[in-house]
Amino acid sequence: MKHTPSERHTLSILVDNESGVLARIVGLFSARGYNIESLTVADVTADHEVSRITVVTSGPPPMIEQVMAQLDRLVPVHRVLDLTALGPHVEREMALVKVAGTGDKRVEALRLADIFRARPVDTSTHSFVFEVSGSTEKVDQFIALMREVGLVEVARTGVVAIARGAEAA
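The structure contained in this document is the topic of the report that follows. The shown structure was predicted, so the numbers you read here are calculated from the model rather than taken from an experiment.

## With respect to the pattern of salt bridges
In step 1: One pass over the full model with this rule turns up six salt bridges.
In step 2: A salt bridge links Arg 8 to Glu 91; its shortest N-O distance comes to 3.1 Å. In this pair, Arg 8 is assigned in strand E1 (residues 7-16) and Glu 91 in strand E5 (residues 89-100), connecting sequence segments 83 residues apart.
In step 3: Judged by its relative accessible area of 16%, Glu 91 is buried.
In step 4: A salt bridge links Glu 93 to Arg 156, with the shortest nitrogen-to-oxygen separation between them at 2.8 Å. Of this pair, Glu 93 sits in strand E5 while Arg 156 sits in strand E8 (residues 151-156), and the two are 63 residues apart along the sequence.
In step 5: Exposure remark for Glu 93: the relative accessible area of 7% places this residue in the buried category.
In step 6: Among the ionic contacts, a cluster of salt bridges with common partners joins Glu 93, Asp 140 and Arg 156.

## Examining a nonpolar patch on the surface
In step 1: On the surface, Leu 22, Leu 39 and Val 41 cluster together into a nonpolar patch covering about 210 Å² of accessible area.
In step 2: Take Val 41: it is sitting in strand E2 (residues 36-43).

## Quick look at unusual backbone geometry
In step 1: A positive phi angle, near 65°, is found at His 48, a position not held by glycine.
In step 2: Phi at Arg 117 takes a positive value of approximately 55°, unusual for a residue other than glycine.
In step 3: Residue placement: Arg 117 occurs in the loop between helix H4 (104-115) and strand E6 (119-123).
In step 4: The class of Arg 117 is exposed, set by a relative accessible area of 74%.

## Notes on the pairing of E2
In step 1: Across seven bridges, the pairing between E2 and strand E3 (residues 50-59) is antiparallel. For Thr 40, the partnering residue across the bridge sits in E3 and is Thr 54.
In step 2: The hairpin formed by E2 and E3 contains six residues between the paired strands, and His 48 there has a positive phi angle of roughly 65°.

## Quick word on the environment of Val 77
In step 1: For Val 77, the position within the fold is in strand E4 (residues 77-82).
In step 2: Remark: the alpha-carbon pair of Val 77 and Ile 13, spanning 64 residues in sequence, is separated by 7.0 Å.
In step 3: If we skip the residues at most four places from it in the chain, Val 77 touches Ile 13, Leu 14, Val 15, Ile 25, Leu 71 and Asp 72.

Thresholds applied
Residues numbered from 1 in each chain as written. Predicted model: local features only at pLDDT ≥ 70, side-chain atom pairs only at ≥ 80, totals over all residues. Heavy atoms only, no water. Salt bridge = Lys/Arg side-chain N within 4 Å of Asp/Glu carboxyl O. Helix = DSSP H or I, 4+ residues; strand = E, 2+ residues; numbered from the N terminus. Buried < 20%, exposed > 50% of the residue type's maximum accessible area, 1.4 Å probe, protein only. Patch = residues over 30% accessible without salt bridge, like charges linked within 9 Å, V, L, I, M, F, W, Y side chains within 5 Å. Areas by Shrake-Rupley, 256 points an atom, 1.4 Å probe, with all protein chains shown as cover. Pairing = 2+ DSSP bridges. Contact = heavy atoms within 4.5 Å.

This is the structure in structure tokens:
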């Protein structure tokens, strides 16, 4: 039996902004045993009628196509796009990273934050909370380096993504 490699895909799903829609989307993934690596939801229209759900998942291409087809059949779903398959798109993630330390550890945390353009959003004499944003890889790398200087806690937003170009995707 031939093994199909798993690929990371970012899906953009436009849905009616109504109660229970997120549960239906997540339920579709869990009922089929598909993993959600990242999930974000936000209202995207002035009249608050439509939300964008951004899901990052991994799987072989046939599984991604099957998930998209099943999502597209759900009543509150307006459109499902695989941003990864469409080509150029912008992805960002934000994290709040709490780091504790004094002396050299504190100085090193500030130096690393500067390199990553992380912004201190809370400071005390013994800790910082940094805000860092960028690609998932950049956020992961910043967190890994902060582990060495006193990482205490992390809160992440998950991936948000949008297609590049002038057209609405």
